[in-house]
Structure formats: structure tokens, C-alpha cells
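# Fold and geometry: a report
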Amino acid sequence: METEALANGDAVPTVHPPNPPARLNDHLAESLRLEHQLMRVPFEHLKKSMRTSNRTVEKEMNAVMSGVAEAAQKDMSKEEAVQHLNSLVSRLQGLKRKLDESNKSEQLQVQRCRARLDHLTVLRAENQQEWNNIRVNRILVDYMLRLSYYDTAMKLAENSAIQDLVDVNVFMDAKKVVECLQNRDCAPALAWCAENKSKLKKSKLEFQLRLQEFIELVRVDHSMDAIQYARKHLAPWVSTNMKELQHAMATLAFRSNTDCATYKALFDAKQWDNLVQQFKEEFCKLYGMTVEPLLNIYLQAGLSALKTQFCYEENCTKEDPLSQESFRNLASDLPFSKHIHSKLVCYISKELMDEDNPPLVLPNGYVYSTKALEEMAKKNNGKVICPRTSLVCEFKDLSKAYIS
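Residues numbered from 1 in each chain as written. Predicted model: local features only at pLDDT ≥ 70, side-chain atom pairs only at ≥ 80, totals over all residues. Heavy atoms only, no water.

## Details of the environment of Ser49
Mapped onto the secondary structure, Ser49 falls in helix 2 (residues 36-73). Its relative accessible area of 11% is what places Ser49 among the buried residues. C-alpha of Ser49 to C-alpha of Glu106: the two residues are 57 residues apart in sequence and 6.6 Å apart in space. Residue contacts for Ser49: discarding those within four places in its chain leaves Ser102, Ser105 and Glu106. (Helix = DSSP H or I, 4+ residues; strand = E, 2+ residues; numbered from the N terminus. Buried < 20%, exposed > 50% of the residue type's maximum accessible area, 1.4 Å probe, protein only. Contact = heavy atoms within 4.5 Å.)

Here it is, written out as C-alpha cells:
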């Protein structure tokens, strides 16, 4: 600490401003741009919990106030008044219990938000490898949760100590609805739609669920019940979904055993699979998650740089990821990468051959990188063995190839 002298001779310490925090380089900054979902999910969950608490408080307090006003207007005996007040007190105690549970849930979401903020702020060049390993585990947990491998996802999150950085609890809520839809029960999904009605104004999920329940009534020949159901639950959708409703109402005449493909499709079991997929998409949108798994998105980003016409030829090397059918399916909608300059990659070391690692040509015409062949020659007393044809030659017999 330095000192400065005042006019009267007294010395005071000079306070220097703190050093500014080191700025992240462009690569690290770009990495953080991909973490939108990491913060969005617990924040949206927190908002949802708070909205639910507010609605509960408003509903219960209105009921209590109405009860108090009603008691004030009535001429009650002492016993009746005590009984009435006890019922109001019980209701308020029930409200307190609900708010305590809600508070615990909100505190949990706040804790997750704080943990994720801390996780993002610790990213530095010196710990990037460790940070990236955590990211890979998060991406794998996300992928397994979306594919319903819940137990495996939870074990990976626990073993990696990243419980606060993944959204297991959110997907467990969705699991209940998905399992019911797979068992052909729309009730939990409809309850979920009602609970999140304000966020699903543009969604057709509730309409599709109602339509499926109507179809199930027709399937078991409960025509009158189906008509009553349509009047109660499908009529409000007439202005926006008239064509779908007309299509569905015609099933009353064609029935489930029809051979007409147009109406037979409505009774297909795949309709339930479509509902499951539609629910998952709406669920992800509600919490600000990507519809596609994060793993697919990251893989597609890499495949977009690798995809060329050569990847789909018969002599495509096995080292190319796009030689595998699963990766080809993942990259099917991606455009072909534009490579202005050709790149030579060594068959042995898989390293790029350039001016720092020039290609060398064997007598049989095969080309490999200088570094790989030098290392091979050191291990074999100056001899080089072609990994493709097993040709043996001296290192001095190799010739240089020039890249223009």
C-alpha cells in the first residue's frame, strides 16, 4: 500500500481501484452463448411455482373473506359462530401448509439458479477441460431424460455431482403424463393443459387430446356418449378447427372397422404416439428447452462441417462419422459443407498434412504424413511399412509431394 503526504505533513494511504476481472476470450464467450437453456428452465419453473402460489392464496383468501362476511350477516348462536370460525381457521392452516410446500419448491429452484450462475461464472481458460467434461455429462443426462432413460440419467447426475445443473425433476413431472398417454389415458395431460392454459394459448394439444377421447368413445360404440362429449368439449373449437371436427364427426358413421383410409387413420394406435410426441414438444417449449435433444444439436453442428458428397460414396472411409447410418440420418436435413480448398488427412495419424507436416509418397503410390512416417522409421531402424499393402521400404526412398 502506497502513501501520499498532505499539506500538513500527515500521510494517508492511496487506494487503488481493484483489478478488473479477466475477460473471457472469444471462444469461451461463444461457449456461454449456448447455455441459454441451462438458466431458462429453473427460472421458468420458479415463475410457474410462484404463479401457482399466488392463485392459491387469492382463491383461499377470497373464500375466507366471503365466509367472514357471511358470518357477519347471519344471526348465529355462539356454538355456530365458533364452529364457523374453526372451519375458517382450518382453511387458513391448510393454506399455510400449501405455502410452506410451495416455499420449499421455490427455494430449491432459487438454489438451482444460483448453482448454475456459479457454474457459468467459473469458466476460465485454465479450467475449460473440466468445465467441458461437466457440459458433456449434462448433455448426456438431457439426452437420456428425453428418451425416458430416467434411472440411468439420475445415476449419471448423481455420480457426476451435477444434480443442480440438470433438470431431472422437471422431466419426472413429464414422465407421469407420458406414461398415462402411453396407457391411453388423457386425463393427466388435460389437467396439465388446464394448469398451464395461459402459456398454451397457441397450442393445439388440448384439442387433440379432446379429439382422441371422442374417437375412443366411438371406437367402443358409445355413440350417444360421444355426441354429448363433442357438444361439451369439442364445440368451443369449432371456430378454429372446423375441418378436423368434421373429419372426426364422420367416424360416427364409418366406425372403427371401416376400410376407408381417411377415417381408418383416426383409429390407428399411432395417434397415441403422436400425442406423446406433441406433449413432449409443448412441454419443452413451456420450460424454454430445445425441442431436439442438446446432443443432437451439438452433433449436427459438427456434422455440418463434415458433410460432403464423398461421405455418401461407397469408398467412404470408416473413420468418417457419416459412413455410419445413424449419423447420416442425423445429418439428412443439413446442407453439404462448402470446402473451397481440399484438405489432406494422414491415414496413420489422422493429422492434417500441410507445410508443417508435408505428405510423403511411398514407392507404391500411397501418401502419408512426414511425422507419422518419421516415427515409424525410428521404431523400425529406418524402414517404413505401408499399413495398406504391407510394402517395406527405406525412409530415404520416399519422395515429397507438394500441395498447391
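Let's pick the thread back up.
## Considerations on the packing of aromatic side chains
With the rule as written, the count across this model stands at nine aromatic pairs. Ring centres of Trp192 and Phe279 lie 5.0 Å apart, and the angle between their planes is 75 degrees; on these two criteria the pair is classed as edge-to-face. One end of the pair, Trp192, is in helix 7 (residues 187-195); the other, Phe279, is in helix 13 (residues 270-286), with 87 residues separating them in the sequence. Here Trp192 and Phe279 have matching classes, each one buried. Between Phe207 and Trp237, the aromatic rings sit 5.4 Å apart at their centres with planes inclined by 50 degrees, giving tilted as the arrangement. Pair noted here: Phe207 is in helix 8 (residues 205-219) and Trp237 is in the loop between helix 9 (223-234) and helix 10 (242-249), with a separation of 30 residues, a long-range link. Between the NZ or CZ atom of Lys350 and the centre of the ring of Tyr347, over which it lies, the distance is 5.1 Å. (Phe/Tyr/Trp six-rings, centres within 6.5 Å; stacked < 30°, edge-to-face > 60°. Lys NZ or Arg CZ within 6 Å of the ring centre and 35° of its normal.)

## Focus on helix 4 (residues 128-146)
The end-to-end C-alpha separation of helix 4 is 27 Å, in line with the 27 Å expected for 19 residues at 1.5 Å each. Among the residues making up helix 4, those that are buried are Gln128, Trp131, Arg135, Arg138, Ile139, Val141, Asp142, Met144, Leu145 and Arg146. In the stretch just after helix 4, Ser148 is the one whose phi turns positive, near 70 degrees. (Expected span 1.5 Å × (residues − 1).)

## Brief notes about the sheet that holds strand 9 (residues 399-400)
Taken in spatial order, the three strands make up an open sheet running 6-5-9, and their pairing is antiparallel. Each edge of the sheet is formed by a strand with only one pairing partner; in this case those strands are strand 6 (367-369) and strand 9. Pairing analysis gives two bridges linking strand 5 (residues 359-361) to strand 9, with the strands arranged antiparallel. Counted as the bridge partner of Leu360 is Lys400 from strand 9. Lying on the sheet, helix 16 (residues 370-379) is in contact with strand 5 and strand 6; it crosses strand 6 at an angle near 85 degrees. (Pairing = 2+ DSSP bridges. Axes fitted to C-alpha atoms, helices over the stretch in contact; angles between N-to-C directions.)

## Focus: the packing of helix 7 against helix 8
Two elements in contact, helix 7 and helix 8, have axes whose closest approach is 10 Å; the angle formed by their N-to-C orientations is 150 degrees. Taken together, the axes of helix 7 and helix 8 are roughly antiparallel relative to one another. With respect to the hand of their crossing, helix 7 and helix 8 are arranged in left-handed fashion. Residues Ala187, Ala189, Leu190, Trp192 and Cys193 of helix 7 form the contact with helix 8, whose own contacting residues are Leu205, Glu206, Leu209, Arg210 and Glu213. Partitioning the contact of helix 7 with helix 8 into residue classes produces seven nonpolar, no polar and three charged. (Parallel < 35°, antiparallel > 145°, perpendicular 65-115°, else oblique. Left-handed = near helix turned anticlockwise from the far one by under 90°. Nonpolar A, V, L, I, M, F, W, Y, C, P; charged D, E, K, R; others polar.)

## Quick notes on a nonpolar patch on the surface
Where nonpolar side chains cluster on the molecular surface, the patch consists of Met61, Met65 and Leu92 and spans about 260 Å² of accessible area. Along the polypeptide, Met61 turns up in helix 2. Judged by its relative accessible area of 32%, Met61 is partly exposed. (Patch = residues over 30% accessible without salt bridge, like charges linked within 9 Å, V, L, I, M, F, W, Y side chains within 5 Å. Areas by Shrake-Rupley, 256 points an atom, 1.4 Å probe, with all protein chains shown as cover. Salt bridge = Lys/Arg side-chain N within 4 Å of Asp/Glu carboxyl O.)

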